[in-house]
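Given next are the chains, with one letter for each unit.
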Amino acid sequence: MNKSDEIKELATALAKYHATAVNPAKNATNPHLKSKYADLSEVINASRGLLASVGLSIVQLESFANDCATVETILLHESGQFISSTLSIPCAKKDAQGIGSVMTYARRYGWSAMCGLAQEDDDGNAVSKTQQPVAPVEKEIYTFERADENIANWVNANADLNKLFTGISSKYQLYGDVKQYIAARVKIDTLSKKALSENTVIDSNAANAIYDDVTHQSAKDRLLPLVAALLGG
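Just so it is clear, the model here is predicted, and its values are computed rather than measured.

Engineer: Kindly report on the sheet that holds strand β6 (residues 82–90), identifying the contributing residues and their values.
Structural biologist: Strand order in the open sheet formed by four strands is β1-β6-β5-β4, with antiparallel pairing between adjacent strands. Since the sheet does not close on itself, it has two edges, and those belong to β1 (2–3) and β4 (56–65), each with one partner. As judged from the 10 bridges shared by β4 and strand β5 (residues 68–77), these two strands associate in the antiparallel manner. Opposite Ala65, over in β5, you have Cys68 as the bridge partner. Across the sheet, helix α3 (residues 96–115) lies against β4, β5 and β6, angled at about 145° from β4, the strand it touches most.

Engineer: I'd like a rundown of the nonpolar core, residues and numbers included.
Structural biologist: Counting residues in hydrophobic clusters, the biggest one holds 25 residues, and the most contacted among them are Tyr142, Trp154, Ile168, Leu174, Ile182 and Val186. Looking at which element gives the most residues to this core, the answer is helix α6 (residues 176–197), with seven residues. Excluding its chain neighbours within four sequence positions, the residues that come into contact with Trp154 are Tyr142, Ala147, Ala159, Leu164, Ile168, Ile182 and Val186. Counting residues in each nonpolar core, the second largest holds 20 residues, with Leu14, Leu40, Val43 and Cys115 among its members.

Engineer: Before we move on, can you summarise helix α1 (residues 8–20) with the specific residues and values?
Structural biologist: When we look at burial in α1, the residues that qualify are Leu10, Ala13, Leu14 and Tyr17. For α1, the angular spread of the buried residues around the axis is 105°, confining them to a single face. Exposed side of α1, more than 90 degrees from the buried face: Lys8, Lys16 and Ala19 are the residues found there. Elements in contact with the buried residues of α1: α2 (40–53), β4, β5, β6 and α3.

Rules used in this analysis
- Residues numbered from 1 in each chain as written.
- Predicted model: local features only at pLDDT ≥ 70, side-chain atom pairs only at ≥ 80, totals over all residues.
- Heavy atoms only, no water.
- Pairing = 2+ DSSP bridges.
- Helix = DSSP H or I, 4+ residues; strand = E, 2+ residues; numbered from the N terminus.
- Contact = heavy atoms within 4.5 Å.
- Axes fitted to C-alpha atoms, helices over the stretch in contact; angles between N-to-C directions.
- Core = buried A, V, L, I, M, F, W, Y, C linked by side-chain atoms within 4.5 Å.
- Buried < 20%, exposed > 50% of the residue type's maximum accessible area, 1.4 Å probe, protein only.
- Arc of directions from axis to C-beta.

Right, dumping it as structure tokens:
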């Protein structure tokens, strides 16, 4: 790992990022294991906007030598501070397709590690022929509809979102879009409850800010009618 002499401002920004970061949704299918995983574009989409909002960005540099694909992932702060790490993976196939596949794999894992994102290792057999598949533990998916059934209870109980997500994840498969939806709904419904108890109108700026922080389009689409109704639009 390499880093700038000072990383105080970067560390502060990274802590703010982690406060709202969510794991990427599994949007790709491994044809060999018939399982789902988050591809590189989903990993980037799940984090790039949140990183930028706190003055952070990521650059990835690729190289190939000694039959290994190498990716250096650099986390930059607007102050000029940085940290970086390097991942090298041997290439079983040394043609353009094989090297490109390993580069993509290394980029995905380098980016995820730098952002603290968790994901399935479901496409690793595309990189290594010796990988032995591990049977995934099947969990029922926690859906938007199931979340809607419990929103009122969570709001009334002033639920801690971190503890709430930990509890749900222990029993269900909780994808990033549903997680973002739950967080936004709890915050917006709490604003609405406060406005109702004080006989005032809901804080439109706060509601819009909560909606704007949502990065998954499926969650935004589900939230939009609620936000529009609350704000009289």
